[in-house]
Amino acid sequence: MKKFLLSFLLIISSLVFFNVQASDDIIGGLTLEENFQLAKKFPMPSPWLLAAQCSACHGTLGAEYNEIIPPLAGMNKEEFIERMQEYKTGEANDFIVMGIITQPITDEEIIAMAEFFAEQKPVPWSKEKGHKDVVVPEWAKMEVNKHDKGVE
Amino acid sequence: MNNQNHNKKDGLSRRQMLKLLGASALTYGLLGASTKAFSNTAPHIVIVGGGIGGAAAAKYLRLLNAEVKITVIEPNSQYIFCPGSNEVIPGWVTLEDLMVTYTTLKTRYKVNVIHDKATTIDYDKKQVKLEKGDVLSYHKLIVSPGPTHGYHAIEGFSKELADGDFPAAYDAGRQTMNLRNQILAMKKGGTVIIAPPENDYRCPPAPYERASFVAAMLKENNPTGKILILDAKDEFVLSNNYIPYWEKTFGYGTDNSMIEWVQKKKGGEVVKLDASNHAVVTADGQTHKGDVINIIPPEAAGQFALKNDLADDRWCPVEFQDFSSTRHKDVYVIGDSVDGSPMPKTGYIASNQARVVVQAINDELHGREVGTPFIVNDCVAMAGHDYGMALSTTFRYAGKGERLKDLYYVQGLETNPAKQLIRQQVAENWQRTFRKDIFE
């Protein structure tokens, strides 16, 4: 737990003290303008689908706790919109994913996601391994080579 | 939008579907999932493949719909996550860390999991036959079989050799462990050959992440050991991070480099394995001896998809609004088997394709217009346990018959050590969260 807390503090302090370095980033595919034109041309994806795209990192429909990546379920609507807009406009740009992934999302989509997440119940999931019935075959048994992550 | 076209190819009319669903079958949350047996008239959604795509489809369909009957057909009783499996090679994580069972899917999400192998689809009868003789009727069939590893595309290579002395290790499992053990046991100053495939293949940065991890391993245990990457491509994604990392950490580009990368145009493409001499032959006729040989063969759609006429040639074409097959109706294809360019073949993508499909199926069951797809991909990769990176892409719908349109952003080299470390921590965090998202 301590490790994750420290990492989280590192992220926060990094956001404050470091500038985003974008010198050799590679951007491609649609331009932002073309992206927004497509968004206008077709009906908006459902709030459920938009929110579900966050699941792989933030836990099922935003519900994952106890990790570096924060939960979204139960988040106040205005707070969600504010944070997303800060990422999108570069005001709170970060260097991992959010400063990038928010760029092509429309304001309407952000509002729809905010409303969806505000209605979800945050579920405190355990960090414990959930699959206690895993049978480890003999060939798969090994020792962990624990490396020093430098933050513990 | 496109709803008329969409319904035209459905075997069941919307009215029939609604009738099957029952008047009371409004979508409600998981808490409403009944413990009673599913009604005989409940629509039956059958999913072939219990990997990331198939398991995500089963779970997320249940989150949307408490009434449908869901069956997953998967031969293995446990699944080993591929994301994170490169870390098994240096021993930073264990295979056990990556193992999950289907118990949560069965008990919490009321999914019927049959541990058997699906063999053939009878498209007229809308039935899937299983190896042990069972025949399942479906209303909708989701096909997520993972890729076929084309061992035979490399002369002299085979699945038997990959299971033996020449592990490809491109599905997490026994070959991964075998590759780890071979590298640990390699003679001092020996050479590990890694041969990445041509495009497209699962997890594009993985062969290069693997090379980085093996270099870290050698640096610790066998510092005069070398890695020779013989590539069937001229470039690779995230090289703007890997190459500078290799320069800084492994002397890349110098005479003493631990890693040498040979592009296809410089003669890198491996065309033959000479197993008895423990060597590979490249397209330019050169022979390279390796103490450990890790050929990652080219890929195609999964065998089940190929055998059941779902692929045009190598991959399965789909309509991107709902990932329905353009070759057979009431069948959807997701994951590595899809002809999905510009979407890369990643577990992340497979899970998000699954969410699009189950929403579309659920919309149809409820007689609603099928929604617009939207897909996010974040490739989080590592170069070492002190350096992480990310590639983020969004995919928007561009109309019927059109491919999804991407907008991608590959992060550049990160020189701040604190930020490098945080990105690495996030990559590890993501792997844990992702495993829980799909299987818990």
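Residues numbered from 1 in each chain as written. Chains lettered and ligands numbered in written order. Predicted model: local features only at pLDDT ≥ 70, side-chain atom pairs only at ≥ 80, totals over all residues. Heavy atoms only, no water.

### Regarding the side chain of B:N86
All names here are of chain B. In plain terms, the rule: Note on conventions: DSSP H or I runs of at least 4 residues are helices, E runs of at least 2 residues are strands, and numbering of each starts at the N terminus. Distance and chemistry together define a polar contact, namely a pair of N or O atoms within 3.5 Å, with one atom able to donate a hydrogen and the other to accept it when in protein, and with adjacent residues in sequence counting only for side-chain atoms on both sides. By definition in these notes, contact holds between two residues if any of their heavy atoms fall within 4.5 Å.
With respect to the helices, strands and loops of the structure, N86 is situated in the loop between β3 (78-80) and β4 (99-101). A distance of 3.0 Å separates a polar atom in the side chain of N86 from the backbone oxygen of A206. Every residue in contact with N86, bar those within four places of it in the chain, is listed here: A206, E209, R210 and F213.

### With respect to the sheet that holds strand β14 (residues 270-274) of chain B
Residues and elements named next belong to chain B. To keep it simple, the criterion reads: Two strands make a pair as long as DSSP finds a minimum of two bridges between them. Simply put, an axis is a line fit to the C-alpha atoms, just over the touching stretch for a helix, and the angle between two N-to-C directions goes from 0 to 180 degrees.
Strand order across the open sheet formed by 3 strands is β14-β15-β16, with antiparallel pairing between neighbours. Edge positions in the sheet fall to β14 and β16 (287-289), since each of these pairs with one other strand and no more. Neighbour-to-neighbour, the strand axes of the sheet open up by a mean angle of 25°, direction not taken into account. With 4 bridges joining them, β14 and strand β15 (residues 279-282) adopt antiparallel strand pairing. Bridge pairing in β15 links K272 to V281.

### Considerations on the pattern of salt bridges
All names here are of chain B. Test applied: The salt bridge criterion pairs a side-chain nitrogen of Lys or Arg with a carboxyl oxygen of Asp or Glu, the two atoms within 4 Å. Buried means the residue's accessible area, taken with a 1.4 Å probe over protein chains only, is under 20% of the maximum for its type, while exposed means over 50%, and partly exposed covers the values in between.
Counting across every chain of the model gives 20 salt bridges over all chains. Here R368 and D363 are joined by a salt bridge, their closest N and O atoms 3.3 Å apart. Judged by its relative accessible area of 38%, R368 is partly exposed. Shared partners join several salt bridges into a network, and the residues in it are K126, K140, D330 and E364.

### Description of the nonpolar core
Residue and element names in this part refer to chain B. Put simply, the rule reads: Working definition of a nonpolar core: buried Ala, Val, Leu, Ile, Met, Phe, Trp, Tyr and Cys residues. They are joined through side-chain atoms within 4.5 Å. Each domain span listed reflects an automatic or database assignment of domains.
Core analysis: the largest hydrophobic core is formed by 123 residues, its most contacted members being I142 and F323. Considering every element that reaches this core, the biggest residue donor is helix α3 (residues 52-64), with 9 residues. Of the residues that make up this core, three or more belong to each of domain 1 (3-148 + 300-370) and domain 2 (151-297). What F323 contacts, discounting residues up to four positions off in sequence, is V318, V331, Y332, V333, I334, V338, M343, Q353, V356, V357, I375 and L404.

### Some thoughts on the interface of chain A and chain B
What counts, and what does not: As a working definition, buried area equals the accessible area (1.4 Å probe) given up by two parts on being put together, with both sides summed. Throughout this entry, Asp, Glu, Lys and Arg are counted as charged residues, while Ala, Val, Leu, Ile, Met, Phe, Trp, Tyr, Cys and Pro are counted as nonpolar. The remaining residues, Gly among them, count as polar.
Each partner contributes to the interface: chain A provides 76 residues, whereas chain B provides 79 residues. Contact between chain A and chain B buries roughly 6,800 Å² in total, counting both sides, with carbon and sulfur atoms accounting for 61%. The largest per-residue losses of area from chain A upon contact with chain B belong to A:Q53, A:W139 and A:M142, which jointly make up 11% of the total buried on that side. Here chain A and chain B share 1 salt bridge between them. The closest approach of N and O atoms between B:R396 and A:E109, which form a salt bridge, is 2.8 Å. Viewed at the interface, chain B and chain A are joined by 24 residue pairs in polar contact (both at pLDDT 80 or more). Examining the composition of the side of chain A that touches chain B, we find that 6 residues originate from one element, helix α1 (residues 2-17) of chain A, more than from any other. A per-class count over the side of chain A that touches chain B returns 42 nonpolar, 20 polar and 14 charged.

### Some details on the sheet that holds strand β24 (residues 405-410) of chain B
Sheet architecture is open: 4 strands sit in the order β1(A)-β24(B)-β23(B)-β22(B), paired in antiparallel fashion. Looking at the sheet topology across the chains shown, the edges are occupied by β1 (26-29) of chain A together with β22 (374-384) of chain B. The mean inter-strand angle of the sheet, taken between neighbouring strand axes irrespective of direction, is 10°. Bridge count between β22(B) and strand β23 (residues 387-396) of chain B: 10 bridges; the pairing is antiparallel. When the sheet's bridge partners are listed, B:C379 is paired in β23(B) with B:L391. Against the sheet, helix α11 (residues 417-439) of chain B contacts β22 and β23 of chain B, and its axis sits at roughly 120° relative to β22(B).

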